[in-house]
Structures are given as C-alpha cells and as structure tokens.
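# Per-entry structural report
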Amino acid sequence: MTIGLRGLSLSTLSLPLLRNCKIKPPIHSYPASRSLKPLISLCNPTVLRGFPTFCASPDVNVEATATVPPATEADNVQSTDDIRNAANLLDIRVGRIIKAWRHEEADSLYVEEVDVGEPEPRIICSGLVKYIPLDLLQDAKVVVLANLKPRNMRGVKSNGMLMAASDAAHENVELLMPPDGAVPGERIWFGTVDDKYGQPEPATPNQVQKKKIWESVQPQLKTDASCTAMLGEHLMQTSAGAVVCKSLKNANIS
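Basis of the calculations
- Residues numbered from 1 in each chain as written.
- Predicted model: local features only at pLDDT ≥ 70, side-chain atom pairs only at ≥ 80, totals over all residues.
- Heavy atoms only, no water.
- Helix = DSSP H or I, 4+ residues; strand = E, 2+ residues; numbered from the N terminus.
- Buried < 20%, exposed > 50% of the residue type's maximum accessible area, 1.4 Å probe, protein only.
- Contact = heavy atoms within 4.5 Å.
- Areas by Shrake-Rupley, 256 points an atom, 1.4 Å probe, with all protein chains shown as cover.
- pLDDT = per-residue confidence, 0-100.
- Pairing = 2+ DSSP bridges.

### Notes on the overall build of the protein
A tally of regular secondary structure across the protein gives 6 helices and 17 strands. The buried share among the 254 residues of the protein stands at 36%. Counting contacts in the protein only where the partners sit at least 6 residues apart, residues at least 24 apart contribute 61% of the total. Carbon together with sulfur atoms contributes 54% to the accessible area of the protein, which is approximately 15500 Å² in total.

### Focus: the confidence of the model for the protein
Within the protein, residue pLDDT values average 81, and 69% of them lie at 70 or more. This model gives residues 1-18 a pLDDT under 50, and the stretch forms 24 contacts once residues within four places in sequence are excluded. The low-confidence segment residues 73-78, where pLDDT is below 50, has 1 contact with residues more than four positions distant or belonging to other chains.

### Overview of the sheet that holds strand E4 (residues 110-115)
Strands sit in the order E5-E4-E3-E6-E9 across an open sheet of 5 strands; the sheet is antiparallel. Unpaired on one side and paired on the other, strand E5 (122-126) and strand E9 (161-162) mark the two borders of the sheet.

### Overview of unusual backbone geometry
Phi angles above zero are rare outside glycine, and His170 is one such case at about 55°. Structurally, the position occupied by His170 is in the loop between strand E10 (164-166) and strand E11 (173-175). Although it is not a glycine, Lys212 sits at a positive phi angle of roughly 50°. Relative to the assigned elements, Lys212 resides in the loop between helix H5 (205-210) and helix H6 (213-217). Residue classification places Lys212 among the exposed positions, given a relative accessible area of 52%.

This is the structure we're talking about:
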C-alpha cells in the first residue's frame, strides 16, 4: 500500500521509519500552499536523526572520522609499557675500555677493546673521532649495547655499540657514563631498584634486528635536566646508581 503526498509516494516500508521518528503518516490532504518538505523530507536531518539518509550517498570520510575513538590515557600508558618491555629485551651493559686506537682505514672511527664481563674483550668501532679525544677513551667506563648483530666496519668486525648522548644538531657528543663502583658486565635496566629483578632474558641479535627493537626504543631515550639517562620517566640504572653524561641536558641518546 502507498500513500500519495503531493508527488511523494510513501510505501508501507517507510512507515516504521516514520514511527521511529514519532511522525504520524498524514491522513488528510494539506493545502497546496503549505509545504510538506520540512515534515517528511527523507533528506531532512531533523526528521531523520538517528538513522541513515536514503537521499544521498554517505560522506565516507566524515563517517570514518566520526567513528575513530580518541586516544585515551590508557592507550598512552599501554604504549609506554610496550616501549619499556621492548627496552628490557636489550642487553645494555656496563663496559670498560681496555684499549682504543684510530681505525687504519676510516678517519672517523676509533676501534676499542671493551671489557663487558665476558672471557674475551669485545672489539667495537665507534664514530667518535670528531667528538672525543683518544686519550679520554683509555680505561673509560662506558655503556655498551651488546646484543646487536656484528657489523663489518671497513675490515674490522664491530660487536656492539658504545652509547652516547648528543645535542639536536649533533655537534656535541658525550659518552654515557656508569657511576663509580659499577662493574663491567653488569646488565643495565630501566626503573627502580626493584625492577632489576624482573628483567627478562635479552633478545638475540637476530630478534633485535628482525623486530626492530632498538629502533622502537631509541627515540624514547633522552637525558633529563640533570644529565641523567632516561627512558621516558624511567632511570637508566646500575647497582651503583644511575647512568649519566657529563654535561648534555635534554639530549638524544643513541
């Protein structure tokens, strides 16, 4: 059954919609001078609020924007937790440079022998020639990222990375320094003293590379206003205290 309203045909299928809008189907004719469009137009947003329009294609972009929930504090906390969990898979250790020298084939590189608590020292290449005098590296306490895949650096296989702070322009670079009393080989963690005992086993070098663990963590590593190394709000810790740099505040760490 259909009801004719000045050229607009309403089928019985339309009646439930009108009932939902609390609009009673008209049962008598209206004067020709009176417009029915504000009352029954299926494009009228006031009438059809609560169910989709049938007169036009929906704006896909508006629909998608309206249905995306805003970021919540819980989402941010989860993201922070994910980064910290990833950081706990890195094997960051206290190290001591036994000997350092200029790379014979690369002007910008030093080569260091570094004690990281293993039977043999590791060979590590670092691009610090422009920033740190060679004599300051001898016997220096350092922080080593130890579970990266070895890399061939101009004929020398580098097995790890010395961690350092740098300013935004990368014109000033300082090595991270463990506190006095930190023992070479000790694994460094993020958080409180109690967090030391909840560390998982470090990921393998292959896992670190495949899952891009270092790439996800590194942007969150900074020094604070007191030159202390931080992961977000979590201190970079050893059993002897926090890791620091000499003078760079609010600097990037890599």
